[in-house]
Amino acid sequence: MKVKAPMPVRNMNLVVPLAHKATAMRTTETAALPQARSGAVSPLIGSQGLRQGDVDSTTRRSTRTTTPGIRTSPTATRTTTTRVPRAVAEPSADSSSPYGFQDLLQAYLDCRATKRNTASALAFEERLEANLLALHDEVLSGQYRPGRSICFVITRPRPREVWAADFRDRIVHHLLYNKISPRFYAGFIANSCACIPGRGTLYAAERLEHDVRSITQNWSRPAHYLKCDLANFFVAIDKATVLAQLARKVTEPFWLALARTILFHDPRVDHELRGTFELLARVPPHKSLFNAPADTGLPIGNLSSQLFANVHLDALDQFCKHQVKARRYVRYVDDFVLLHESPQWLYEALQRITAWLPEQIGARLNPSKTILQPVERGIDFVGHVIKPWRRETRKRTVATAVNRLQAMPAADVFAAGNSYLGLMRQASHSHGSRVQIAHTLLGRGHTVKADLTKIYRTSKGKDQMQHALSTPNPPKKGAP
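Report on the accompanying structure.

The rules we used
- Residues numbered from 1 in each chain as written.
- Predicted model: local features only at pLDDT ≥ 70, side-chain atom pairs only at ≥ 80, totals over all residues.
- Heavy atoms only, no water.
- 1 Å grid on protein atoms, 1.4 Å probe; cavity = no way out; pocket = protein on both sides within 12 Å on 5 of 7 lines; lining within 4 Å.
- Points joined across faces, edges and corners; volume = space filled by probe spheres on them.
- Helix = DSSP H or I, 4+ residues; strand = E, 2+ residues; numbered from the N terminus.
- Nonpolar A, V, L, I, M, F, W, Y, C, P; charged D, E, K, R; others polar.
- Axes fitted to C-alpha atoms, helices over the stretch in contact; angles between N-to-C directions.
- Left-handed = near helix turned anticlockwise from the far one by under 90°.
- Contact = heavy atoms within 4.5 Å.
- Patch = residues over 30% accessible without salt bridge, like charges linked within 9 Å, V, L, I, M, F, W, Y side chains within 5 Å.
- Areas by Shrake-Rupley, 256 points an atom, 1.4 Å probe, with all protein chains shown as cover.
- Salt bridge = Lys/Arg side-chain N within 4 Å of Asp/Glu carboxyl O.
- Lys, Arg positive; Asp, Glu negative; His and termini not counted.
- Charge placed at Lys NZ, Arg CZ, Asp CG, Glu CD.
- Phe/Tyr/Trp six-rings, centres within 6.5 Å; stacked < 30°, edge-to-face > 60°.
- Buried < 20%, exposed > 50% of the residue type's maximum accessible area, 1.4 Å probe, protein only.
- Lys NZ or Arg CZ within 6 Å of the ring centre and 35° of its normal.

**Some remarks on empty space enclosed by the protein**
Applying the stated criterion to the full structure yields 4 cavities of 30 Å³ or more. The calculated volume of the largest cavity comes to roughly 130 Å³. Taken together, 17 residues form the lining of the largest cavity, with His173, Ile262, His265, Pro299 and Asn302 sitting closest to its centre. If you list the elements that add at least two residues to the lining of the largest cavity, you get helix 4 (167-185), helix 7 (253-263) and helix 9 (303-323). By residue number, the principal contributor to the lining of the largest cavity is helix 9, which donates 3 residues. Classifying every residue of the lining of the largest cavity by side-chain character gives 8 nonpolar, 7 polar and 2 charged.

**Details of the packing of helix 9 against helix 10 (residues 343-360)**
Orientation of helix 9 relative to helix 10, taken along the N-to-C sense of each, is 145°, at an axis distance of 11 Å. By crossing handedness, the relation of helix 9 to helix 10 is classed as right-handed. Mapping the contact onto sequence places Ala315, Leu316, Phe319, Cys320 and Gln323 in helix 9 and Arg352, Ile353, Trp356 and Leu357 in helix 10. Each residue belonging to the contact of helix 9 with helix 10 can be placed in one class, and the counts come to 7 nonpolar, 1 polar and 1 charged.

**What about a positive patch on the surface?**
Together, Arg158, Arg160, Lys287, Lys369 and Arg396 give the surface a local cluster of positive charge. Structurally, Arg160 is set in strand 7 (residues 160-165).

**With respect to the packing of aromatic side chains**
Summed over the entire model, instances satisfying the criterion amount to 12 aromatic pairs. Arranged with centres 5.5 Å apart and planes meeting at 55°, the rings of Tyr185 and Phe188 form a pair that is tilted. The burial state of Tyr185 is the same as that of Phe188; both residues are buried. On the numbers, 4.6 Å between centres and 10° between planes, the contact of Phe319 with Trp356 is stacked. Of the two residues, Phe319 is situated in helix 9 and Trp356 in helix 10; the sequence distance between them amounts to 37 residues. Comparing Phe319 with Trp356 shows no difference in burial state: the two are buried. Arg260 extends its terminal NZ or CZ atom over the ring of Phe264, reaching a point 4.8 Å from the ring centre.

What follows is the structure, given as structure tokens:
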């Protein structure tokens, strides 16, 4: 008599189950099966290649199962077997599905890594299983539509709008990013930076410093640089152009349709404004998404916008490298630098780029931020200033850090002080900058390590923090 396992019920358990202990279960048709090692291991949610072989709980060696679903106990006879029911970790889907439920689960885990304490994330996790299953069905059926966004204004380094998508929409952004970004990143040039894993501001500064040392033969020969900036970059992005660029490598109809849904979603239709209208009025009109034409502009703050921006500007990277023939070229978002021995060559390159941008991607340069001068005067790029034999932190960044540390509440000084010291350490010559930060932190009642790399709380600093926590801070003017 064969014992058939019941059909799996559509259910999901986000708690990783513990390994079950093997128990003997006698059957009538397994007498001829050879004895094998037991090692029934419960599958983990989102794991790949589950149940491809047994794992011995003692030696961790893989064993082979003769019949799927039937395993023998190490203490049982040849007629005794162990049958372990499959744990249902995800809803069933056929092999033709464009993505598995574990992909959506991984996108959720990636999303909550930095957004778990937000209000929308907490609301989503109250009914996590039901919400994930409902989102899975919507995306898979093509009925998904983005929800409400939150708009607020940041004032440093200058007033700018930021659009925060709902946590539910952020999960879909991560799902799309995880599926299509590798195929684009594989074709990006090595000096394309920003919002790419391992290619942040430090990577960009080090790449530019390497190129400067190369072209000047370690500062022994003269060279020039051309630094450019795109005017109103995110607000002026043409969505139709981005969609055409995505379609060149995203050939699957499902993923292209999902990218189109996210790309052409207009957050202005359904949004919540955090802050005052006076603060919103500080944003220049030409930099506000509220004033952008239809089907133009991407919201700053979404992972999808960062991916679309990199795909959009990859055309500029390819043009500068293969058409302009710029051997030394570094870009971080919409700021890019070209290096050459001849200033005349850089001027001609500037003319070609200026003519190419509006014709091909609908962008233009900001003439007030276009700089052409010798490299020995210093190159201000991504918060670093590259000078002969040294790379320093921008003086404005150091001054801003000192002013903020002097004015911020005592409860925030410890975390902010360590953060600023870590930021200053990225520069190769940062001792002077760290000394300024250290003096400020000493004045706030903290102890600084001798090498100026971190700070410690003292009894005075702890008393100030406890006093700050017990005394409510008055609301700032213009705060939401």
